[in-house]
Number of protein chains: 2
Amino acid sequence: MEGVAIIGAGQTKYGDYPNKGVKELFAEAYFEMLQSVDQGLEPQQIQAAYIGCLSAGSGFQLGQLAPLLMGHVGLPSVNAVRIENACGSGGYSLHTAACAVASGKYDLVIAAGVEKMRDVSSSKGRYWLGVSGDTEYERLAGSTFAGIYALMAARYMHDFGMQREHLSMVAVKNHRNAVANPKAQFRKEITMEQALKGVPVAHPFNVWDCSPTTDGAAVVLLCNAKLAKSFTDKPVYLRGFGAASDYLAIHDRNSITSLAATQKAAAEAYKQAGVGPRDIDFAEVHDCFTIAEIMAYGDLGFCKVGQGHKLLEEGYTRPDGKLPVNASGGLKAKGHPIGATGCGMAVEIFKQLRDEAKEPSRQIKNARFALSHNVGGSGGTAAVFVYQRGD
Amino acid sequence: MEGVAIIGAGQTKYGDYPNKGVKELFAEAYFEMLQSVDQGLEPQQIQAAYIGCLSAGSGFQLGQLAPLLMGHVGLPSVNAVRIENACGSGGYSLHTAACAVASGKYDLVIAAGVEKMRDVSSSKGRYWLGVSGDTEYERLAGSTFAGIYALMAARYMHDFGMQREHLSMVAVKNHRNAVANPKAQFRKEITMEQALKGVPVAHPFNVWDCSPTTDGAAVVLLCNAKLAKSFTDKPVYLRGFGAASDYLAIHDRNSITSLAATQKAAAEAYKQAGVGPRDIDFAEVHDCFTIAEIMAYGDLGFCKVGQGHKLLEEGYTRPDGKLPVNASGGLKAKGHPIGATGCGMAVEIFKQLRDEAKEPSRQIKNARFALSHNVGGSGGTAAVFVYQRGD
């Protein structure tokens, strides 16, 4: 199994782009990635591209989005394929690309994601926001993405004594983190009072518990680890990559206060990397709703399952804490352009581990290992990655 | 790079299933695959599943189709992900799965595809049949899948002296081949006279030049080649797997009488396998329209580009010819359930190379190497595979 390194990364600012299509967003992220390769790169050296997108079927390009995008940036003949696992599509494009490099078949491969949620969020919004789960048993019965996570939050409160305030702590922390991130959609602090009193969405959630509707793209360039140093003195190694699934319909699961897919994917990534949760210096986790970040703490081994809210009380996951989580602002405030999200996490980690977080106030210091965690829907799938600083 | 073998394969009969959904079709193919593993298999040994589907976004399951299907057959926790490249989705699921096994990360991986074209072919039919190409420059301008291939056929006739009759030779051959295939959608011979006088579709095509609307599923089980003999005495080795793209819009291409994506994918597969076109004993190629098979002959190196129609005159690709092509009946008569098609070719080849084609009349004798060729849309993507008999 060949080693895998990341040698370039780029992304659009996440946000609302009424006048740009997926081609423009992808190109912007792609060319930023190209520019980030320290020793330069002939684009023709790129051999394959795995591109995550959920909503491509819904009107703007029905099939073959991946070669369309690669043709648009001048690489029409590479092996290009679309990868889809709902909100986990970006993480799965990264996982699939990592396997391709690990095989030795390809040396230079793109993992990317793109989404224009604006284009599927008007009358079709309700339709798409049901993608979290099982169409037959959840969506057609009226469940929404927010509603399903709200059930998880309510149960977590019941089982583990979590309070409403703990959910808001996630929102307040992540919004504060996004202020210094030039790529974030919402660079705006919110107070605890605001976070507690937002417009109700699905009990116990209000609007501040929910990630926004976001357009954006993210691209990372993977390389056979043996060749990484010929492109940069500061590669970031992808030491572990795990992916696992669960039943889509939450009535089929053993528990709704933790995600079995995350637990299995994390165990696999840690094992491959030869490290454990205690070795992780910072993490980007999937906080599509505030409860999701709290569950992730336990499922990723940062604390015991059911004790996630306690970490927030201690400030453990704040930028000045022992293990900063979502220093980027997370899905909550950096934004959540579905197919791009999992790759955008890798872009953030690439920059942080190279001391290139731009705004000095948000640079995480002396980090060696980082983790990213991307979830599909309500936990039907999860991909977890362990990264190591390479300089 | 680890070697890759196929140790099991199953598929539904291709056809029209008004009373079955994607779950039922997938399960039928999956359990046939399980039963085909000679020494048996504990399903829990399966670690990952790459599942091709185009139309999943269009109503029945919006996201995460792959874990939904794997949960349905009792394997909810495997790494499962949807792969999409239009009509090439099945070939790309096979290619992606092959990379995953070649990496050494997984030993037992499913490559599969499923499609219910019936569910997207009523009022939405026109919408989906535009997936062949570029939405902005082709579909929204009124181009259909048939129309684009018809342009290619007309140009091929102009440039190379091909006659209308040559197109019909493909239809007659493939319909005749399907008669003995219990998995085929149309097990019905047609005469040359019929083939020439079908209902017009897009000049020079009539209805007999076009593949049908098909429901179906196909599943193959890939295994690290080192372990293959513990599951069967007759593995089929996947010696080469290539994939490449081209501009989606045909106005951007250098030629419309050959597919550059096929040529590049084939070169890669032959190189990896260490064989050439002359070593191939039979092939399953992508005949979504009759011209597509004729172009494939040249692009795959079975003859010079532009001479494909001559092979038909010689009977070279008939079952009794030097290189039988689409002995299954091909997309034309076996059927074309989009996401399943590329995997269904692998199912056919697996059976043929194990002398298990069931109907003795259709068993290809003494074959050692075979090839499959799956195209996305009008040649925006192509995946090519070289298989070797393993007993």
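Here the structure is a predicted model, which means the values were calculated and not measured.

What counts, and at which threshold
Residues numbered from 1 in each chain as written. Chains lettered and ligands numbered in written order. Predicted model: local features only at pLDDT ≥ 70, side-chain atom pairs only at ≥ 80, totals over all residues. Heavy atoms only, no water. Helix = DSSP H or I, 4+ residues; strand = E, 2+ residues; numbered from the N terminus. Buried < 20%, exposed > 50% of the residue type's maximum accessible area, 1.4 Å probe, protein only. Contact = heavy atoms within 4.5 Å. Salt bridge = Lys/Arg side-chain N within 4 Å of Asp/Glu carboxyl O. Buried area = accessible area lost by both parts, 1.4 Å probe. Polar contact = N/O pair within 3.5 Å; in protein donor to acceptor, adjacent residues only side chain to side chain. UniProt positions renumbered as here; feature names shortened; annotations may be inferred. Phe/Tyr/Trp six-rings, centres within 6.5 Å; stacked < 30°, edge-to-face > 60°. Lys NZ or Arg CZ within 6 Å of the ring centre and 35° of its normal. Least-squares fit on C-alpha atoms with pLDDT ≥ 70 in both.

So, about unusual backbone geometry. Residue and element names in this part refer to chain A. With an omega dihedral of 5°, the bond running from His203 to Pro204 counts as a cis peptide bond. Backbone geometry places Gln64, a non-glycine residue, at a positive phi of 60°. Note that Gln64 resides in the loop between β2 (48-52) and α2 (65-72). For Asn326, which is not glycine, the phi torsion reads 55° and is therefore positive. By secondary structure assignment, the location of Asn326 is in the loop between α10 (308-314) and α11 (330-333). On the basis of relative accessible area, Asn326 is assigned to the buried category, the value being 0%.

Residue and element names in this part refer to chain A. Of note, Ala112 is situated in strand β4 (residues 108-116). Sequence separation between Ala112 and Gly52 is 60 residues; the distance between their C-alpha atoms is 6.1 Å. Once residues within four sequence positions are removed from consideration, Ala112 is found in contact with Phe26, Tyr50, Ile51, Gly52, Ser93, Ala218, Val219 and Cys343.

Attention now goes to the pattern of salt bridges. All names here are of chain A. Per the counting criterion, the structure on display carries 41 salt bridges over all chains. A salt bridge links Lys226 to Glu2, with the shortest nitrogen-to-oxygen separation between them at 2.8 Å. On the criterion of sequence distance, the pair formed by Lys226 in the loop between β7 (215-224) and β8 (236-245) and Glu2 in the segment before β1 (4-11) is long-range, its members being 224 residues apart. Arg362 is the salt-bridge partner of Glu348, the closest N and O atoms lying 2.9 Å from each other.

Here we come to the interface of chain A and chain B. Taken residue by residue, the interface counts 60 residues in chain A and 60 residues in chain B. Carbon and sulfur atoms make up 50% of the surface buried where chain A meets chain B, a total of about 4,600 Å² over both sides. The largest contributions to the chain A side of the interface with chain B come from Leu62(A), Gln64(A) and Lys105(A), which together make up 17% of the buried area. On the surface where chain A and chain B come into contact, there are 6 salt bridges. Between Glu84(A) and Arg82(B) there is a salt bridge, with the nearest N and O atoms lying 2.8 Å from each other. At the boundary of chain A and chain B, one finds 28 residue pairs in polar contact (both at pLDDT 80 or more).

Below, the discussion takes up the UniProt feature "domain: Thiolase C-terminal" (unreviewed entry) in chain A. The positions UniProt marks with the feature "domain: Thiolase C-terminal" (unreviewed entry) are residues 242-389 of chain A. From the first C-alpha to the last, residues 242-389 of chain A spans 19 Å; its make-up is 34% helix and 16% strand.

The geometry of an aromatic ring pair comes down to the distance between the two centres and the angle between the two planes. Within the structure shown, the criterion is met by 16 aromatic pairs over all chains. Taken together through their ring pairs, the aromatic side chains of Phe145(A), Tyr149(A), Phe205(A) and Phe289(A) make up a single cluster. Cation over ring: Lys105(B) sits above Phe241(A), and NZ or CZ is 4.6 Å from the ring centre. Seen from the ring of Tyr106(B), Lys105(B) lies directly overhead, with NZ or CZ sitting 5.8 Å from the centre.

A separate point is the relation of the copies chain A and chain B. If you rotate chain A by 180° and push it 0.0 Å along the axis, it lands on chain B with an RMSD of 0.0 Å. Each copy turns onto its partner about a two-fold axis. Among all C-alpha atoms of chain A, that of Ser103(A) lies closest to the rotation axis, at 1.7 Å. Most of the interface of chain A is mirrored in chain B, where 100% of its interface residues again form contacts.

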